[in-house]
Amino acid sequence: MIAEVVVDIKNKAVNKVFDYLVPKPLEGVVQSGVRVLVPFGPRTVMGFVISLKEETELKKLRSIKELIDVLPVLNDELKELGMSLSVETGSTMIQCFEAMIPNAMRAKYKKKLLCVKEPESPAIKSLFCQTNPIDYDQVPLSLLKEVKKALEQKELELIYEVKDKLGKKMVKYVALVQPLSDMSAFNRAVKQKKVLLYLMEQKQPVLKSRLTEELQVTPAVLKSLVEKGVMKEIEVEAYRDPYADKVYSPSKALALNHEQEVAVQTVLSANEAKAHDVFLLHGITGSGKTEVYLQIIESVIKRGQQAIMLVPEIALTPQIAGRFKSRFQNQVAVLHSALSMGEKYDEWRKILKQEVQIVVGARSAIFAPFKEIGVIIIDEEHESTYKQEEAPRYHAIEVAKWRSAVHRCPVVLGSATPSLESFARAQKGVYRLLTLSHRAVSSAKLPTVKLIDMRQHKAGDQLILSEVLRTAIATRLERKEQVVLLLNRRGYSSFLQCRECGEVVNCPNCDVSLTYHKSNQKLKCHYCGFETFLLKRCPACQSEELRFFGLGTQKVEEYLNEEFPGAKTMRMDVDTTSKKGAHQELIEAFERKEADILIGTQMVGKGLDFKEVTLVGVLAADLMLHLADFRAAERTFQLLTQVAGRAGRHELEGEVLIQTYSPDHYVMQCVVEQNYQAFYVEEMKIRRRFGYPPYYYLASVMLNSEDYNELIMSCDKVNQYLKSQLGHSCLIVGPTMPYVGRINQRFRMYFMIKYKQEPKLRAILLQLLTYFQEGPVHLSLDFFPYQFN
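The following refers to the structure shown. (Residues numbered from 1 in each chain as written. Predicted model: local features only at pLDDT ≥ 70, side-chain atom pairs only at ≥ 80, totals over all residues. Heavy atoms only, no water.)

Things to note about the packing of helix 20 (residues 708–725) against helix 21 (residues 761–771)
For clarity, the threshold we go by: Angles here are taken between N-to-C directions and fall from 0 to 180 degrees, while the axes themselves are lines fitted to C-alpha atoms, restricted in helices to the stretch in contact. In this description a helix means any DSSP run of H or I spanning at least four residues, a strand means any run of E spanning at least two, and both kinds are numbered starting from the N terminus. For this classification, under 35 degrees means roughly parallel, over 145 means roughly antiparallel, 65 to 115 means roughly perpendicular, and everything else is oblique. Here a crossing is taken to be left-handed if its near helix is turned anticlockwise relative to the far helix by less than a right angle, and right-handed if that turn runs clockwise. Throughout, a contact is declared for two residues whenever any of their heavy atoms are within 4.5 Å.
Direction vectors running N to C along helix 20 and helix 21 enclose 150°, while the axes themselves pass 11 Å from each other. Considered as vectors, helix 20 and helix 21 are oriented roughly antiparallel to each other. Like other packed secondary-structure pairs, helix 20 and helix 21 cross with a definite hand, here right-handed. Of the residues in helix 21, those in contact with Val718, Tyr721, Leu722 and Gln725 of helix 20 are Ile764, Leu765, Gln767, Leu768 and Tyr771.

Here it is, written out as C-alpha cells:
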C-alpha cells in the first residue's frame, strides 16, 4: 500500500504529493486525511495523507515512520478545498491544510543530538553524561565545531522530534479494583480506610481531585492504596470548556415582524430545495438580524443538519455566543482568537466528532469539519477581517460559497452596510436580496444624526469635545443614561515631536512614528511591536523641548475623568482587551451600568446592544476618510453607520453627534440621512470613473526586501514581465510604495492589477512566484486584495 503525502515544508518547489510506503503494521490503519511522520531528506517531518494507492512509477520508496492520528483530521471535502485554495490563492497545500486545523495541532519540531558511539572529545562526551539524546539548544556555541566533527565521524546523529504543540487534557478518576468484604487490614490506616468506605458508597469512579478535597486526604494516601492493589486510577480525556463557569438561561424564539418572517422562510425554502443560493440580508442597525439567524438555524438543526455562523470581531463573539448558548445550550461550539490554544483545540474536536450542530466563530470557523451543513451565515459581511492577510490569503465569503456548492445549502450574508461588491451582485440578481427596513423593537426608532463642523474652532485648539457634544454628554449623565464615544486611534498621543528642531520620534524598524502609551510610559510601534521608554531628550539635537501631538483613546479617557469627575468611564481597545476574557468582562460590566461612558476604537461599533445607550459621539470622523485607499469612503460610511446604530436600540430615543472637518462630504451627508442607497449610487459613480471594484476585479503583487536597491531592480523586472504577459485589457498600477513603506526592516512595494476577464492571469502570476523562490526579495500574491497600506 502506497500513501500520497503532502509534507510540512512551505516551499513552492515541494508543493506536490510524495509517495511513501505504508509499513505492514500500519496497513488498514493509515487512511486518507490522517497526519503521519515521514522522512524527508535528512529530517523527519509531519505530513497529511491525501490518498492511498497500490502502484507507483517510482522504484525506491521510503516508509512512513509513524502515525499521528487514528481518525482523519481532514475529510474528503476539506482536502479537496485545500488543494483548490492552493491554486486559487497561490499558496502551498500545506499552508491551506494547516489553516483548517487548530494551532495546537500544527507540528512543533525539536532538534536533538543522539550519541550513537562513544565520542573522542571529552567535552562532547560530558554533554551526554546524564541523558541521551539531548536538546540541540543545550550545546554551547564554543562546542559547535566539535559537534560538527562528531556528526561527520558518525559518533552523533541529528534527529528531529515532531510533536503537536498541545496534548489532550486528561483527568484522573479513582475506583475500587473490586468490592472489599474485609477491612480489618486498614484499621490502623484511618485515612486509607476512610477513602475505601467512601468509594464503596459510590456507584461510579470518582474524580481524584474531588475525592482529595472532600475527604481532606493527600495524594500519598491514594498512591499507597493503588500500590496495595485495592484501588485503581483511571485516566479520562476531558474538554477544556471556555464557558464551563457560565450559566445560560434557556431562551425562546421571539415573535418576528413581517419582513423577518419573509427572510426566514425564503432561506429555509432554499435549504429545503437543496439550492446553494447566496442571500444578502440588508437590514438597518437594530432590525433583528441575529433573531433571523437564530430561527433559520433552529429549523436547520431540526432537519438533522449543521450550521456555521461567522462573526467579524472577537468583541462581538461573547454577546453572540451568549445568545446562541442560551437558545441552543450544548449544541454550540465557539471558535475565536480569545480562547486559549487548548480551549480552541477542544472546541474543534467537538465539531470533528459531530458532538455539536452549530459553530459560532471568526474567520477560520469556515473550515469547521461538519459533514451535513444546512446553512452558512456571515454576519457583518462587509468586514475586512473576513479576509486573511497572510498565506493562504483566502476570503471567508469565497470559501463559504465553495462549501455551500458542495453541501447544496444556502449562504446568508448579513449587514446594515453591505460591501459595494455584494450589493451590486444583489442588484444584478447574482445574490438574492432580503431587506429589513424597520427596527425589531417596534417602539425603537433610528437615532437622529447631527454633524458638528470642527472648522469653526480655532486652528491652535487641540479640542477633544466640542461644546455641543460636551453638553449632550452632561445631559445624558444627569438622566442616568449611557454614552458611547468612538475614536479609532489607540494610545495616548499619535507622536512625539521636538519643538526645537522638528524631529519626530520614529520606529527604528518601520517608517512610522511611535505612539505614546501613558499607562506604562512607553513609546510603541503599532506595526512591528517595538517599544521603548519615554524619551527625555530629542535624539537629534538633545533638546528637552519634546511635545505630544495627536489624540488617542487613553488621552480621551483622561480628559473625560477630568471633565466629568462624577462619571465612570471605561475604555475598550486592543490595550484593555488583550487579556483573556477581558472583552466579555468589559461588555458585561457596561451592561450592568458599572460605567456611564464607554470610549473605544472601532470595537465599540460592532454589533454591541446596550439598552441604556442614548448618545453616540464620534470624536474624529475624518481619520479614515482621506486615506490613500479607494475603499476609504466606504469604510468610513460603514463604521459611522454601525456605531450610530448603537444608540436608541430599545425604548429610549437615541442621538448621534459626529465631529468632522468635512461636513459637506457625501459620506457625511449620507450618514446623517442614514441612506445606504444614496451612498451606494454616489460611490458607484466614483468606482466606475476610476476603474475599481465592482466594475473591475483586482489582484496584487507585493514585494519586500531589506535591500532597497534590490527591491527597485526586482520591481523593474516584474513590471516588464507583467507588461509582456498580460493582455491590453488589464490595467497595471505600480510599482507603488504603500502608506507605510518599511515595516520590520523590510521595504515594501506593490503592483495593483485591474481586470475584467483575463483567463491566464492566475497562471501568469503563479509563474512569478517560481522566479522569487530564493534571494533577497520576497514576492507574494493576493487575488482578493483588501489592504494596500
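Things to note about the sheet that holds strand 28 (residues 613–618)
Spelled out, the test is: DSSP calls a pair of strands paired once it identifies at least 2 bridges connecting them.
An order of 19-29-28-20-27-26 is seen for the six strands of this open sheet, with the pairing classed as parallel. One side of each edge strand has no neighbouring strand; the edge strands of this open sheet are strand 19 (448–453) and strand 26 (569–572). Across the sheet, the axes of successive neighbouring strands diverge by a mean angle of 20°, strand direction being ignored. In terms of strand pairing, strand 19 meets strand 29 (residues 655–660) through six bridges, oriented parallel. Bridge pairing links Leu451 to Ile658 in strand 29. Relative to the sheet, helix 16 (residues 582–591) contacts strand 20 (482–486), strand 26, strand 27 (597–600) and strand 28, its axis offset from that of strand 26 by approximately 150°.

Quick word on the sheet that holds strand 1 (residues 2–7)
Pairing in this open sheet of five strands is antiparallel, and the strands run 2-1-4-3-5 from one edge to the other. The sheet is open, and its two edges are formed by strand 2 (18–21) and strand 5 (66–67), each paired on a single side.

Overview of helix 20
What counts, and what does not: For a helix, the expected span equals 1.5 Å multiplied by the number of residues minus one. Think of it in three bands: residues with accessible area under 20% of the maximum for their type are buried, residues over 50% are exposed, and the middle band is partly exposed, with areas taken using a 1.4 Å probe on protein chains only. Pairs of N or O atoms within 3.5 Å make up the polar contacts considered here, provided that, within protein, one atom can donate a hydrogen while the other can accept it, and that residues adjacent in sequence are counted only when both atoms are side-chain atoms.
Here helix 20 contains 18 residues, and its C-alpha end-to-end distance of 26 Å stays within 8% of the 26 Å for a straight helix at 1.5 Å per residue. Of the residues making up helix 20, those classed as buried are Leu711, Ser714, Cys715, Val718, Asn719, Tyr721 and Leu722. Of the surrounding secondary structure, the elements contacted by the buried residues of helix 20 are strand 30 (697–705), strand 31 (731–736), strand 33 (746–755), helix 21 and strand 34 (777–782). Where helix 20 begins, one side-chain oxygen reaches toward the backbone nitrogen of Asn709, 3.0 Å away; that side chain belongs to Asp707.

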